[in-house]
Amino acid sequence: MDSVSGSTDPEQFTLSSLGKVGKSSGEIDGAQEPLINGERHYDNYSVLSAILPFLFPALGGSLYGYDIGATSCATISLESATLSGITWYDLSSVQLGLITSGSLYGALIGSALAFNVADFLGRRRELIVAAILYLVGSMVTALAPDFVVMVIGRFLFGIGIGLAMHAAPMYIAETAPSQIRGRLISLKEFFIVLGMVVGYTVGSLLVDTVSGWRFMYGASISLAVVMGIGMWWLPASPRWLLLCAIQGKGNMQDLRQTAISCMCRLRGEAIGESAPQQVDEILAELAYVGEVKESGIAEMFQGKCLKALIIGAGLVFFQQITGQPSVLYYAASIFQSAGFSAASDATRVSILLGVLKLIMTGVAVTVIDRVGRRPLLLGGVSVMTISLFLLGSYYTFLDDAPAVAVAALLLYVGCYQLSFGPIGWLLISEIFPLRLRGRGLSIAVLVNFGTNALVTFAFSPLKALLGAGILFFIFGGIAILSLVFIYFLIPETKGLSLEEIEAKLLG
């Protein structure tokens, strides 16, 4: 592979705020017409060269998933008088909640920080910072001498989650060939679920070990190191560099040449001598859609920027508020009621559902660039809606039919991984204009984690007030609203380049 020319870091050029985009917010239709000239362009690339620019950012998702799985077992180890290996094992519910949700609070902070620092750092550097925070957070948590230090470690790790979940989809979207962009970003969701399954598995193996919780959290250190080294080695996003160039944030020719070198590394030998042509096409398209102009924060909420924000933030809002954390909360009891004795072990249930999630995410990865985003969303969320009403019926008047609840649970989990799970992250990485992408994605990720926290914290009091049946009926009603939102507002972006997506939003 060619290396990036010059001795300077390709992301040393700062980029100020992103925001304003065009005059209107027209819908993207399914027609794949050329953007500027009369020929439709497809990227030349080698599969081998596309692996590493996906793999290292995706490790940030794996560490996020691993934290979810490992924490469910670590709390059991922490509270054990004989196995915790500490004197402060007698934790209150508030303290336990801070440990369990500390990374979520940190992720909210990280998402907010990304709004201001992401475009200064660039996608690659932001992922390097995320890897460092993952590393430090893991070490502090694993070696914590007391409760306060442990919570600090959880917060640091969580900030890393917020930055990684913000920058990874951007880097993958901006460096992936358009033909397989959907597949690669959806595969990142596969890595999140894989991390969860590994976390549950490692946790179940170490839960009976003295100080097992330290080993559970410490196990993520090596993966954080690999992620950091990998991101240090990878080139910068050529689109980010070209945005710097077109907005005058560095020497145009130097940045163009660096972008060409980065493109060669990202596409491999298959790109041949077409790299300069592809870079010039991207530059022309950026100028065509108005990226040459800088914009203020207020202009993010106008025109096509506002539409992109409604699409991206709205989708991840419905992704969380349709009750996924709540449905999983009932998984063990549903399996038990159906006569599965092994379901008394919540970890086994989590591993079982994790395997199902992996399989269904794998299905989504294989079909998403052929079938498209809208059909998978509409089909998957429709079945999720039916499943929620079936769960509501089970807890209201079908309590003698546990098989219905088991079928509804499995359908819900499987169809979530076909639709909201991977496509939520995919669309928010595609839909924002380049100069808005850093800040727009920051808001979307903040909405994602914020809604997750809201559903998680509101679930128990609402369950006590209304009962499980009514709560699932409410989630079913919200799912119907999400279908309306998807049908009328979510565009089809299959096969379009990022610049074409932005240009079609102008109409």
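Rules used in this analysis
Counting starts from 1 at the beginning of each chain's written sequence and moves along it residue by residue. Given that this is a predicted model, residues contribute local features only at a pLDDT of at least 70 and side-chain atom pairs are listed and counted only at 80 or more, while totals for whole chains, interfaces and linings are drawn from all residues. Hydrogens and water are ignored here; the side-chain numbers use all heavy atoms of the structure. The convention used is that axes are lines fitted to C-alpha atoms, helices contributing only their stretch in contact, and that angles between N-to-C directions extend from 0 to 180 degrees. Comment: elements are numbered from the N terminus, with helices defined as DSSP H or I runs of at least four residues and strands as E runs of at least two. Working rule for angles: under 35 degrees goes down as roughly parallel, over 145 as roughly antiparallel, 65 to 115 as roughly perpendicular, anything else as oblique. Residues count as neighbours in contact if any of their non-hydrogen atoms are within 4.5 Å of one another. In plain words, nonpolar cores are sets of buried Ala, Val, Leu, Ile, Met, Phe, Trp, Tyr and Cys residues tied together by side-chain atoms within 4.5 Å. Burial status follows relative accessibility: with a 1.4 Å probe on protein chains alone, a residue under 20% of its type maximum counts as buried, one over 50% as exposed, and anything between as partly exposed. When a carboxyl oxygen of Asp or Glu is within 4 Å of a side-chain nitrogen of Lys or Arg, the pair counts as a salt bridge.

Enquirer: I would appreciate a short explanation of the packing of helix α8 (residues 238-246) against helix α9 (residues 252-267) in the present structure.
Expert: Each pair of packed helices can be summarised by the angle the axes make with each other and by the distance between the axes. The N-to-C vectors of α8 and α9 enclose an angle of 170 degrees; their axes lie 9 Å apart at closest approach. The angle between α8 and α9 places the two elements in the roughly antiparallel class. Each of Pro238, Leu241, Leu242, Cys244, Ala245 and Ile246 in α8 lies in contact with α9, whose residues at this interface are Met252, Leu255, Arg256, Thr258, Ala259, Cys262, Met263 and Leu266.

Enquirer: Is there a simple way to think about the nonpolar core in this case?
Expert: Across soluble globular proteins, you tend to see nonpolar side chains buried next to one another. Residues Tyr134, Met227 and Phe420 are the most contacted members of the largest nonpolar core, which totals 103 residues. The dominant element in this core, judged by the number of residues it contributes, is helix α4 (residues 147-175), at twelve residues. In this view, Met227 contacts Phe56, Leu59, Gly60, Leu63, Leu127, Ala130, Ala131, Tyr134 and Ala164; residues no more than four positions away in its chain are not counted. Ranked by size, the runner-up nonpolar core spans 21 residues in total, among them Ala236, Leu242, Leu243 and Ile282.

Enquirer: Just checking my understanding: could you explain the environment of Phe449 for this structure?
Expert: Following the sequence through the fold, Phe449 ends up in helix α18 (residues 434-466). Phe449 gets classed as buried once you look at its relative accessible area, which sits at 0%. Residues Phe449 and Gly162, spaced 287 residues apart in sequence, show a C-alpha to C-alpha distance of 8.5 Å. Sequence-distant contacts of Phe449, defined by excluding residues within four places in its chain, comprise Tyr64, Leu104, Ala107, Leu108, Ser111, Ile161, Gly162 and Met165.

Enquirer: Got a minute to help me understand the pattern of salt bridges in this structure?
Expert: Opposite charge on two side chains makes pairing possible when the charged atoms of those side chains draw close. Evaluation of the coordinates by the stated rule reveals seven salt bridges. Linking Glu430 and Arg373 is a salt bridge whose minimum nitrogen-to-oxygen distance equals 2.6 Å. One end of the pair, Glu430, is in helix α17 (residues 420-430); the other, Arg373, is in helix α15 (residues 373-396), and 57 residues separate them in sequence. On the accessibility criterion, Glu430 (0% relative accessible area) is buried. The exposure class assigned to Arg373 is buried, which follows from its relative accessible area of 0%. Among the charged side chains, a network of salt bridges with common partners joins Arg181, Asp369, Arg373 and Glu430.

Any functional reading would require information that these geometric values do not contain.
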